[in-house]
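An overview of the molecular structure
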Amino acid sequence: QMRLVESGGGLVQAGDSLVLSCAASGRTSTSYVMGWFRQAPGKEREFVSRISRSGSNTHYADFVMGRFIVSRDNAGKTVSLQMNRLKPEDTAMYYCAAANTLTMHADEYTYWGQGTQVTVSS
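This text gives an overview of the structure that appears in the document.

Core analysis: the biggest nonpolar cluster contains 35 residues, and Leu4, Met34, Trp36, Phe68, Leu81, Met83 and Tyr94 have the highest contact counts within it. Excluding anything up to four places from it in sequence, Met34 contacts Leu4, Cys22, Ser49, Arg50, Ile51, Arg72, Val79, Ala97, Ala98 and Tyr109.

This is how it looks when you write it as structure tokens:
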């Protein structure tokens, strides 16, 4: 089993930045591709970003391209999501997840955290 715990969410104004962190424990997190997803009220969960095991390969949803940066510290077993130039439409619960393959599909992620809320006011 792997346990994922997100932190760093909060209430910010449009244009501000936030850094989300995901701490992994249990199974070796370096064995997994790590992803970030988000879900706004009344909407389906959507892919935000993912990073390969080594950290050398990253992928982003179009709506965060150029604003968000995903990274991982395998020694510290953490994955981070630097979110810049936040918009009100970025308001959502953000989840980190672990998968065995490089994928953007939520159903291919095996382990999930409980989420951290990000609220962006206009």
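Within a pair of aromatic rings, the relevant descriptors are the distance that separates the centres and the angle that separates the planes. In total, this model carries 6 aromatic pairs according to the counting rule given. Each residue in the set Phe37, Phe47, Tyr95, Tyr109 and Trp112 is aromatic and connected to the rest through ring pairs, giving one cluster. It is Arg45 that lies over the ring of Tyr95; its NZ or CZ is 4.1 Å from the centre. For the cation-ring pair, Arg45 lies above Trp112, with the distance from its terminal atom to the ring centre recorded as 4.5 Å.

With that settled, consider the side chain of Ser80. Structurally, Ser80 is set in strand β8 (residues 78-83). Here Ser80 is in contact with Val19, Leu20, Ser21, Trp36, Ile69, Val70 and Ser71, once residues within four sequence places are set aside.

Our next topic: unusual backbone geometry. Here Arg85, not a glycine, exhibits a phi torsion of approximately 50 degrees, which is positive. Inspection of the secondary structure assignment puts Arg85 in the loop between β8 and β9 (92-99).

Among the secondary structure elements, Ser52 is positioned in the loop between β5 (46-51) and β6 (58-60). Since its relative accessible area comes to 8%, Ser52 is described here as buried. Discounting residues that sit within four places of it in the chain, Ser52 has contacts with Asn57, Arg72 and Leu102.

To continue, consider the pairing of strand β4 (residues 33-39). Most of β4 is tucked away, with 6 of its 7 residues classed as buried. Across 7 bridges, the pairing between β4 and β9 is antiparallel. Each residue of the ladder has a partner; that of Trp36, found in β9, is Cys96. With 5 bridges connecting them, β4 and β5 associate as antiparallel partners. In the sheet register, Gly35 faces β5, and the bridge partner there is Arg50. Taking the residues that link successive antiparallel strands as the turn, the β4-β5 hairpin has 6 residues, and the phi of Gly42 there is positive, at about 80 degrees.

Strand-to-strand pairing in sheets goes through backbone hydrogen bonds, with the strands running parallel or antiparallel. On the basis of which strands lie adjacent, the open sheet formed by 4 strands has the order β1-β3-β8-β7 and antiparallel pairing. The sheet terminates laterally at β1 (2-7) and β7 (68-73), the two strands that pair on one side only. Adjacent strand axes in the sheet meet at a mean angle of 15 degrees, parallel and antiparallel pairs treated alike. Pairing analysis gives 6 bridges linking β7 to β8, with the strands arranged antiparallel.

Before going further, it helps to spend a moment on the pattern of salt bridges. For the structure shown, the criterion picks out 3 salt bridges. Two residues, Asp90 and Arg67, come together in a salt bridge whose shortest N-O distance is 2.7 Å. Taken together, the positions of Asp90 in the loop between β8 and β9 and Arg67 in the loop between β6 and β7 put the pair 23 residues apart, joining distant regions of the chain. Take Asp90 and Arg67: they sit in the same class, and that class is buried.

Rules and cut-offs
Residues numbered from 1 in each chain as written. Predicted model: local features only at pLDDT ≥ 70, side-chain atom pairs only at ≥ 80, totals over all residues. Heavy atoms only, no water. Core = buried A, V, L, I, M, F, W, Y, C linked by side-chain atoms within 4.5 Å. Buried < 20%, exposed > 50% of the residue type's maximum accessible area, 1.4 Å probe, protein only. Contact = heavy atoms within 4.5 Å. Phe/Tyr/Trp six-rings, centres within 6.5 Å; stacked < 30°, edge-to-face > 60°. Lys NZ or Arg CZ within 6 Å of the ring centre and 35° of its normal. Helix = DSSP H or I, 4+ residues; strand = E, 2+ residues; numbered from the N terminus. Pairing = 2+ DSSP bridges. Axes fitted to C-alpha atoms, helices over the stretch in contact; angles between N-to-C directions. Salt bridge = Lys/Arg side-chain N within 4 Å of Asp/Glu carboxyl O.

Honestly, that's just the spatial picture; any functional story needs more than this.
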